[in-house]
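Structure assessment
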Amino acid sequence: MHPPRPSPPKQLPHRSAVVTGANRGLGFALAHQLALSGFSVLITARDVQNGEAAAATLASLGVLVEAHCAPLDVSCPSHMVDFASFCEHHSAPDVLINNAAICEPGWSQEVVRRTLATNVIGPLALMRAVLPGMHRRGHGRILNL
């Protein structure tokens, strides 16, 4: 008698993820791990060149990701409108990781305004941009860091 053959690995359905602030640090590591796990990953950054450089670095590690071709500064309303339009014309992601954030020294009105715009208002706007597509598909995950 032969031992039972192991069953073939389950094929996961195609899943996509967006990671903000993925050009370095935790966002970069998350994008890398998601891509290794089989996700199609779109990385965003305030600076397009930094996003493209991060995508190139990930490609050199053997992982393919796409850098969003326009800057995505989550504190900039026009960038949020552009990203919402991008999500409407493409499939909204299955996973959104709101990783982009700032931490500036001081408590001046301008520092507080920039911090709230980047760390609170921006992620909220991104969630509003992707939630309709997630609801239509009946699934999706959002992680706010």
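Structural notes, computed from the coordinates.

Quick notes on the rules
- Residues numbered from 1 in each chain as written.
- Predicted model: local features only at pLDDT ≥ 70, side-chain atom pairs only at ≥ 80, totals over all residues.
- Heavy atoms only, no water.
- Core = buried A, V, L, I, M, F, W, Y, C linked by side-chain atoms within 4.5 Å.
- Buried < 20%, exposed > 50% of the residue type's maximum accessible area, 1.4 Å probe, protein only.
- Contact = heavy atoms within 4.5 Å.
- Helix = DSSP H or I, 4+ residues; strand = E, 2+ residues; numbered from the N terminus.
- Lys, Arg positive; Asp, Glu negative; His and termini not counted.
- Salt bridge = Lys/Arg side-chain N within 4 Å of Asp/Glu carboxyl O.
- Polar contact = N/O pair within 3.5 Å; in protein donor to acceptor, adjacent residues only side chain to side chain.
- Phe/Tyr/Trp six-rings, centres within 6.5 Å; stacked < 30°, edge-to-face > 60°.
- Expected span 1.5 Å × (residues − 1).
- Arc of directions from axis to C-beta.

Among the nonpolar cores identified, the biggest contains 16 residues, and Val19, Ala31, Leu34, Val41, Ile43, Leu58 and Val65 are the most heavily contacted of them. Setting aside chain neighbours within four positions, we find Ala31 in contact with Val19, Ala22, Val41, Ile43, Leu58 and Val65. Counting 15 residues, the second largest nonpolar core, distinct from the first, contains Leu42, Val74, Leu126 and Val130.

All right, on to the side chain of Asp73 then. Here Asp73 lies in the loop between β3 (65-67) and α3 (77-89). One buried charged residue, Asp73, remains without a salt bridge, the closest side chain of opposite sign being Arg46 at 5.2 Å. At a separation of 2.7 Å, a polar atom in the side chain of Asp73 contacts the side chain of Ser75. In contact with Asp73, other than residues within four places in its own chain, are Arg46, His79 and Met80.

This brings us to the packing of aromatic side chains. Applying the stated criterion to the full structure yields one aromatic pair. Between Phe83 and Phe86, the aromatic rings sit 6.0 Å apart at their centres with planes inclined by 20°, giving stacked as the arrangement. Of this pair, Phe83 and Phe86 are both found in helix α3, three residues apart, which corresponds to roughly one turn of the helix. Both residues of the pair, Phe83 and Phe86, belong to the buried class.

Right, let's talk about α3 for a bit. For α3, with 13 residues, the first-to-last C-alpha span of 19 Å sits near the 18 Å given by 1.5 Å per residue. Those residues of α3 that fall on the buried side of the exposure criterion are His79, Met80, Phe83, Phe86 and Cys87. The arc that holds the buried residues of α3, viewed along the axis, is 115°, so those residues lie on one side. Residues of α3 that are exposed and point over 90 degrees away from its buried face: Pro77, Val81, Glu88 and His89. Elements in contact with the buried residues of α3: β1 (16-19), β2 (40-43) and α4 (109-137).

So, about the pattern of salt bridges. Here the structure, examined in full by the defined rule, presents five salt bridges. We note a salt bridge from Arg15 to Asp94, for which the minimum N-O separation is 4.0 Å. With Arg15 in the segment before β1 and Asp94 in the loop between α3 and β4 (95-98), this residue pair connects regions lying 79 residues apart in the sequence. Residue classification places Asp94 among the buried positions, given a relative accessible area of 9%. In this structure, Asp94 engages Arg137 in a salt bridge whose closest nitrogen and oxygen atoms are separated by 3.4 Å. Here Asp94 is found in the loop between α3 and β4, whereas its partner Arg137 is found in helix α4, with 43 residues between them in sequence. Here the salt bridges share partners, and the residues they tie into one network are Glu104, Glu110, Arg113 and Arg114.

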